[in-house]
Amino acid sequence: MITIWPQYLNKNLSLSEGRKISKKDAVSDPSINDIEKALKRLGLQYEVQKEFSYPGKWYEKSGRVLVEWGSTKLELIREISLKIKEFRK
């Protein structure tokens, strides 16, 4: 299982604040619902945990998603971001 936090995809954050991919690949303020919608479209198995807080922002309940994925975390993050961009158009 791979843990995905919304902060990993957020183009408004710096790398030190939690973004894991380039700004051109990232999206603005992704929500747990955006990530869930993208994972449904990708046909992946996942579990949403809304009550969790990203360690760097322990005071905000942003939630996280646990995903079954056979490749690297960065590839998964890019795939999710690409799907979010598709349905936001």
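Our subject is the structure listed above.
Below you will find a few notes about this structure.

About the criteria used
Sequence order as written defines residue numbering, which begins from 1 separately in each chain. For this predicted model, a pLDDT threshold of at least 70 governs which residues receive local features, and a threshold of 80 or more governs which side-chain atom pairs are given and counted, while totals over whole chains, interfaces and linings are taken from all residues. As a rule here, side-chain values come from all non-hydrogen atoms in the structure, and water together with hydrogens is ignored. Here a helix means four or more residues in a row that DSSP labels H or I, a strand means two or more in a row labelled E, and each is numbered from the N terminus. This radius of gyration counts C-alpha atoms alone. The globule rule is 2.2 Å times how many residues there are, raised to the power 0.38. Residue burial is assigned from relative accessible area. The probe radius is 1.4 Å, only protein chains are included, and a residue is buried under 20% of its type maximum, exposed over 50%, and partly exposed in between. It only takes one pair of heavy atoms within 4.5 Å for two residues to be counted as in contact. In short, Shrake-Rupley with a 1.4 Å probe defines the accessible areas, and a residue's cover is counted only from the protein chains shown. Neither His nor the chain ends is counted toward charge; the positive residues are Lys and Arg and the negative residues Asp and Glu. To locate a charge, the coordinates of NZ of Lys, CZ of Arg, CG of Asp or CD of Glu are taken. Strand pairing requires that DSSP identify at least two bridges connecting the strands. For this document, the term salt bridge refers to a Lys or Arg side-chain nitrogen within 4 Å of an Asp or Glu carboxyl oxygen. Contacts described as polar in this section are N or O atom pairs within 3.5 Å, which, within protein, must combine one atom able to donate a hydrogen with one able to accept it, while residues neighboring in sequence count only if both atoms come from side chains.

1. Considering the overall build of the protein chain
Okay, step 1: Helix and strand content of the protein chain: two helices and three strands.
Okay, step 2: Taken against the 2.2 N^0.38 rule, which gives 12 Å for 89 residues, the C-alpha radius of gyration of the protein chain at 12 Å falls within 12% of a compact globule.
Okay, step 3: Dimensions of the protein chain, computed from the C-alpha atoms along their principal axes, are close to 30 × 25 × 25 Å.
Okay, step 4: Across the 89 residues in the protein chain, those meeting the buried criterion constitute 42%.
Okay, step 5: A separation threshold of at least 6 residues defines the contact pool for the protein chain, and within that pool the share at least 24 residues apart is 59%.
Okay, step 6: Surface exposure of the protein chain reaches about 5,200 Å², of which carbon and sulfur atoms provide 48%.
Okay, step 7: Looking at the protein chain, you have 18 positive and 12 negative side-chain charges, and the mean spots of the two groups are 4 Å apart.

2. Brief notes about the pairing of strand β3 (residues 64-67)
Okay, step 1: Side chains Arg64 and Leu66 of β3 all project onto a buried face; the interleaved residues Val65 and Val67 project onto the opposite face, where all are buried too.
Okay, step 2: Where strand β1 (residues 2-4) lies against β3, three bridges are found, and the strand directions are antiparallel. Following the sheet pairing, Thr3 is matched in β3 by Leu66.

3. Focus on the side chain of Arg19
Okay, step 1: Tracing the chain through its elements places Arg19 in the loop between β1 and α1 (32-42).
Okay, step 2: Glu17 provides the closest opposite charge to the buried, unpaired Arg19, separated from it by 7.4 Å.
Okay, step 3: Among the polar contacts listed, one links the side chain of Arg19 to the backbone oxygen of Leu13, at a separation of 2.7 Å.
Okay, step 4: Beyond its immediate sequence surroundings of up to four residues, Arg19 is in contact with Gln7, Tyr8, Asn10, Lys11, Leu13, Ser14 and Ala26.

4. Quick word on the pattern of salt bridges
Okay, step 1: Counted by the stated rule, this structure contains four salt bridges.
Okay, step 2: Its salt-bridge partner being Asp25, residue Lys24 comes within 3.4 Å of it at the nearest N-O pair.
Okay, step 3: Its relative accessible area of 66% is what places Lys24 among the exposed residues.
Okay, step 4: Accessibility expressed as a relative area gives 22% for Asp25, which makes it partly exposed.
Okay, step 5: The shortest N-O distance in the salt bridge between Asp34 and Arg88 comes to 2.6 Å. You can see Asp34 sitting in helix α1 and its partner Arg88 sitting in helix α2 (residues 73-88), a full 54 residues away along the chain.
Okay, step 6: Note on Arg88: relative accessible area 37%, which makes it partly exposed.

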